[in-house]
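# Fold and contact review
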Amino acid sequence: MRAVVRDRYGTPGVLRVATLDAPVPGPGEVVVGVAATSLNMADLDHLLGRPRVARVATGLVRPVNRSVGVDLAGTVEAVGADVTTLRPGDRVWADLFDSGHGALADRVRVPASALTRLPDDVPFDVAATTPHSGSLALQCLRYVGPVRPGERVLVNGAGGCVGPFAVQMAKARGGVVTAVDHGDKLPFLRELGADEAVDYTRDDVMQGGRRFDVVVDIADTRSLVAARRCLAPGGRYVLVARRIGSFAEKALLGPVVGALTGVRMGSFAWRPNQRADLDELAGLLSSGALRPRVDRRYGLDEAVAAFRHLASGAARGKLLITP
Ligand SMILES: NC(=O)c1ccc[n+]([C@@H]2O[C@H](COP(=O)([O-])OP(=O)(O)OC[C@H]3O[C@@H](n4cnc5c(N)ncnc54)[C@H](OP(=O)(O)O)[C@@H]3O)[C@@H](O)[C@H]2O)c1
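Residues numbered from 1 in each chain as written. Predicted model: local features only at pLDDT ≥ 70, side-chain atom pairs only at ≥ 80, totals over all residues. Heavy atoms only, no water.

With their axes 10 Å apart at the nearest point, helix H1 (residues 41–48) and helix H10 (residues 303–312) run at an angle of 105° to one another. With respect to their mutual orientation, H1 and H10 come out roughly perpendicular. Every residue of H10 that contacts H1 at Met-41, Asp-43, Leu-44 and Leu-47 is listed here: Phe-307, Leu-310 and Ala-311. Classifying every residue of the contact of H1 with H10 gives six nonpolar, no polar and one charged. (Axes fitted to C-alpha atoms, helices over the stretch in contact; angles between N-to-C directions. Helix = DSSP H or I, 4+ residues; strand = E, 2+ residues; numbered from the N terminus. Parallel < 35°, antiparallel > 145°, perpendicular 65-115°, else oblique. Contact = heavy atoms within 4.5 Å. Nonpolar A, V, L, I, M, F, W, Y, C, P; charged D, E, K, R; others polar.)

This is how it looks when you write it as structure tokens:
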């Protein structure tokens, strides 16, 4: 089999395509033929070994895990002797974030428990864009509770990996969405369905006295006090944290400030690869409420170029890799 691997932490140049022995499923395991995968910020973090504190778990000097890639869509090829829930030919998908990574390959061996069945009406190249970043968006919107029709929703940092899912989910629920990101991405934000697209380099919507019913903060650039100021009475704020200090501030103090001032503020306890989330995402993909954008498609041999494009911040949608 062929797989994209890395032997050390570093920029995308550390990646190479290796030819490895064909995987054989052990007890409780399944081998999946990868139809497609896509890149997320988590993949770049995994590659770079950041934040550095995470290396306590992933390998202090060198990464313990050489495999790369979390978003998986494919077909079961072989199952371990005791696996009864899946059989060869089943369509499956997963976020392999806590199941060993390794989706950037033509085959991957994973625990059967990590896989969710993928409905026939969701194409592999659509499914592969969604498990990791789509679940993050779903969980942070769940934290703020249902978006009601007509509510003003601010998605701050809307043009990256998670933001487009949050914009489309909020629109599907009837929200009036203001999407904020770099000026180069404004046409992309409008294509996603945002009612208003704002360039953060020109206009600071969290400072200007505007009020929102829901704030999904993916850019994570503001203090708790600034975030509170842009909430309407009864408003809800959720942080998709990028910085540990900011996460501590919002997750610990947010609920206190919220309770004292009549709003809801905080962050969420992220749980990757939940079957219920993937089933809900499959429903949204089937119904067309979610239409993930693919910016570029790559083969396995082009993984370095794909990661460089992700790292550049220039992508307008997901970067899909088909082995
Ligand atoms: N429980 C949790 O909170 C939790 C759990 C798991 C993961 N995470 C985090 O979730 C994040 C994933 O987000 P992502 O993948 O969507 O990141 P991303 O792809 O980097 O997107 C972030 C976007 O925000 C934009 N941005 C930068 N500065 C901004 C500003 N001042 N105002 C508005 N937008 C700005 C960026 O634009 P530019 O290109 O111009 O910089 C980029 O388009 C990761 O950082 C990960 O660590 C959080």
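Before going further, it helps to examine the environment of His-182. You can see His-182 is positioned in the loop between strand S9 (176–181) and helix H6 (186–191). Exposure remark for His-182: the relative accessible area of 27% places this residue in the partly exposed category. Leave out the neighbours within four places in its chain, and His-182 touches Asp-199, Tyr-200 and Thr-201. (Buried < 20%, exposed > 50% of the residue type's maximum accessible area, 1.4 Å probe, protein only.)

What follows covers the packing of aromatic side chains. Counting across every chain of the model gives one aromatic pair. Taking the ring centre of Tyr-9 as reference, the NZ or CZ of Arg-55 above it sits at 4.1 Å. Here the basic side chain of Arg-264 rests over the ring of Tyr-143, its NZ or CZ set 4.1 Å away from the ring centre. (Phe/Tyr/Trp six-rings, centres within 6.5 Å; stacked < 30°, edge-to-face > 60°. Lys NZ or Arg CZ within 6 Å of the ring centre and 35° of its normal.)

In the neighbourhood of the ligand, 24 residues make up the surrounding shell, with Val-162, Asp-181, Lys-185, Tyr-200 and Ala-241 lying closest. One nitrogen or oxygen atom from the side chain of Arg-242 is found 3.1 Å from an oxygen atom belonging to the ligand. Here an oxygen atom of the ligand and a side-chain polar atom of Ser-267 are 3.5 Å apart. Split by residue class, the shell around the ligand holds 13 nonpolar, eight polar and three charged. (Near = heavy atom within 4 Å. Polar contact = N/O pair within 3.5 Å; in protein donor to acceptor, adjacent residues only side chain to side chain.)

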